[in-house]
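Understanding the architecture of this molecule
Each chain, written out:
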Amino acid sequence: MQSPSRVAHIAVILVCFSLLCLTRGVNTLVNGNGLSNYTFPDNFMFGVATAAYQVEGAWNEDGKGESIWDTYLHKHPNYTLDHSNGDVAADSYHKYKQDITIIKSLGVKYYRISLSWTRLLPNGTDNYINKAGVRYYRRFFEEMLKAKITPVVTLFHWDLPTALMDLGGWTNPKVIDYFEDYARIAFTLFGDIVKTWTTMNELHQHCFNSYGGDYFVPVLQSHGIGVYLCSHYMLLGHARVYHLYDKEFRPKQKGKIGVTLDAFYAEPKDSNKKEDREAAERYLQMRLGLFAHPIYSEEGDYPKMVREIIDKKSERQGYPRSRLPYFTPKEVAMLRGSSDFFGLNHYTTYIMSPSEMEPTWKIPSADHDTGVKIEQHPDWPIPGAGWLSFYPPGFRKLLNWITKNYGTKVPIVVTENGVSDFGGLTDYVRVSYYNKYMYQMLLAMHEDGCNIAGYFAWTLMDDFEWGDGYKVKFGLFHVDFESPDKTRTPKLSALNYREIVRTRRINFNFIKIPSYYKYDDL
Ligand code: NOJ
């Protein structure tokens with residue numbers, strides 16, 4: 001028999017142990033071997049993603065026409081951090097077979113790519129189709145099928161034909177017709193093989209940075225007007241193409257079609273302050289809700305809050321009509337439900353507090369309309385690109401926010417998630433990021449009831465990272481951009497991802513991560 005003092009001693013140890021478990025949160029759900037207690041279901045889609053301009057190169061080969069990125073970066077070579085461009089990039093136009101080999105080595109079954117609009121239609125219009133472009137994608141898809149890799153294809157990943165930008169790009173509603181023509185060509189040519197389409201990638205980033213700001217080309221800086229015209233007509237372009245597929249192609253081709261939206265998560269700067277909590281919610285509605293509500297909510301159209309804020313500010317600023325255009329009832333109906341899945345790109349979280357005006361804001365602008373000061377948390381590491389800090393719990397919270405606002409009927413497919421660093425094969429930060437972010441996704445699936453059908457790591461290999469050029473790296477594979485072969489070499493993160501895909505769970509001990517990169521408190 002044990003003495004009362006010994007029993008008390010054990011009780012104290014047990015209480016301390018439970019308290020320790022409670023405070024350590026995530027770690028309680030990982031068993032002694034470092035394995036996650038939750039697993040990914042057998043039918044969960046694991047994939048990797050890239051985009052045409054970021055990897056293909058061959059910018060003017062075999063009859064390809066120019067996109068806004070070609071034209072702008074040739075005219076303004078100093079625009080990117082390292083004065084580079086995507087002329088050659090990872091040369092996937094010539095090395096797509098190598099790409100398929102390395103994808104296969106990861107064990108993933110899905111590859112998300114985008115089509116280069118001007119490789120197929122050099123002028124942006126379908127009066128002339130570039131046969132070499134058709135051959136390239138055809139061969140590429142056939143090789144993927146041989147390797148048992150399913151293509152997931154984005155029609156528009158930011159590389160608008162220059163000829164259409166000259167007409168005003170997405171601020172011109174006529175561009176919707178040209179987008180529909182292009183989509184029809186793509187469905188006709190490749191729809192026998194491609195069964196999953198996304199119409200567009202990150203409408204929010206594209207409109208807010210290319211049309212509303214200067215972070216992406218062509219640097220229109222139409223802060224308070226162009227930004228919303230672009231958003232409005234992109235949304236309508238998406239819906240038009242969804243219905244084109246649904247009516248004319250789906251009956252025969254039997255595929256799925258959706259859209260990819262992006263969102264940073266928004267935390268209140270001080271969660272005890274009501275105004276910070278409201279600022280965070282306002283930010284999410286003004287950025288993600290703007291695009292997601294018309295498509296995924298029951299009632300459709302822009303969120304009421306967004307409508308009211310922009311209408312009121314426009315009026316006060318003396319505009320004769322709202323800077324955010326109105327949908328007709330027919331358009332509301334056309335957008336509602338126009339996606340078979342919720343494609344989500346997520347990377348990071350910011351902290352939010354209310355503000356009337358900040359020194360960098362313009363009037364009118366989307367920033368000023370939103371009225372939220374956006375900051376990075378001082379304690380969250382920033383391993384590469386300056387905008388991307390490491391905060392895994394934000395991912396779970398975002399997945400919950402989407403589920404709360406739009407329900408579980410339409411599955412979420414994470415079409416991008418990943419982190420940048422400054423290069424090297426021993427990319428512990430990336431291993432740690434993927435482990436922790438994917439773990440948050442498991443929690444969202446198993447504990448919160450979020451309906452998540454797939455996950456695509458961004459990105460397969462180092463590539464051209466838009467304004468950052470080649471300075472920061474997001475790849476699971478290193479690319480030697482100096483070598484003529486553009487040699488691809490797996491990083492530690494590639495081995496780690498392969499293990500996750502193979503075992504359908506996360507093994508936090510698979511790669512021994514030096515404590516510096518573990519970020520145990522995140
Ligand atoms: C999202 C974009 O879709 C992709 O093109 C980009 O490289 C990543 N974010 C990382 O910035």
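Preceding this section is the structure that the text describes.
Residues numbered from 1 in each chain as written. Predicted model: local features only at pLDDT ≥ 70, side-chain atom pairs only at ≥ 80, totals over all residues. Heavy atoms only, no water.

This part is about the sheet that holds strand E5 (residues 256-262). Through backbone hydrogen bonds, the strands of a sheet pair up, either in parallel or in antiparallel fashion. Around the barrel, which closes on itself, the eight strands sit in the order E1-E2-E3-E4-E5-E7-E10-E11 with parallel pairing between neighbours. Going across the sheet, the axis of each strand differs from the next one's by a mean of 25 degrees, ignoring polarity. Pairing of strand E1 (residues 45-49) with strand E2 (residues 110-114) involves three bridges; the strand directions are parallel. Counted as the bridge partner of Gly47 is Tyr110 from E2. In the packing of helix H9 (residues 203-211) onto the sheet, contacts are made with strand E3 (150-156), strand E4 (196-201) and E5, and the angle to E5 comes to roughly 45 degrees. (Pairing = 2+ DSSP bridges. Helix = DSSP H or I, 4+ residues; strand = E, 2+ residues; numbered from the N terminus. Axes fitted to C-alpha atoms, helices over the stretch in contact; angles between N-to-C directions. Contact = heavy atoms within 4.5 Å.)

What follows is about the sheet that holds strand E9 (residues 372-375). One open sheet holds the three strands; their spatial order is E6-E8-E9, and the pairing between them is mixed. The outermost strands of the open sheet, each flanked by one partner alone, are strand E6 (265-268) and E9. Put simply, the sheet's adjacent strands are angled 40 degrees from each other on average, direction ignored. Here E6 runs beside strand E8 (residues 349-354); their pairing, made up of four bridges, is parallel. The residue bridging Glu267 from the neighbouring strand is Ile351, located in E8.

Let us now look at empty space enclosed by the protein. The final tally for this structure, using the stated rule, is three cavities of 30 Å³ or more. By volume, the largest cavity is sized at about 70 Å³. Lining the largest cavity are Ala52, Tyr53, Glu56, Gly57, Trp59, Lys64, Ser67, Asp70, Gly86, Ser116, Arg119 and Asp159. Class assignment for the residues of the lining of the largest cavity results in three nonpolar, four polar and five charged. For the second largest cavity, the calculated volume is near 60 Å³. (1 Å grid on protein atoms, 1.4 Å probe; cavity = no way out; pocket = protein on both sides within 12 Å on 5 of 7 lines; lining within 4 Å. Points joined across faces, edges and corners; volume = space filled by probe spheres on them. Nonpolar A, V, L, I, M, F, W, Y, C, P; charged D, E, K, R; others polar.)

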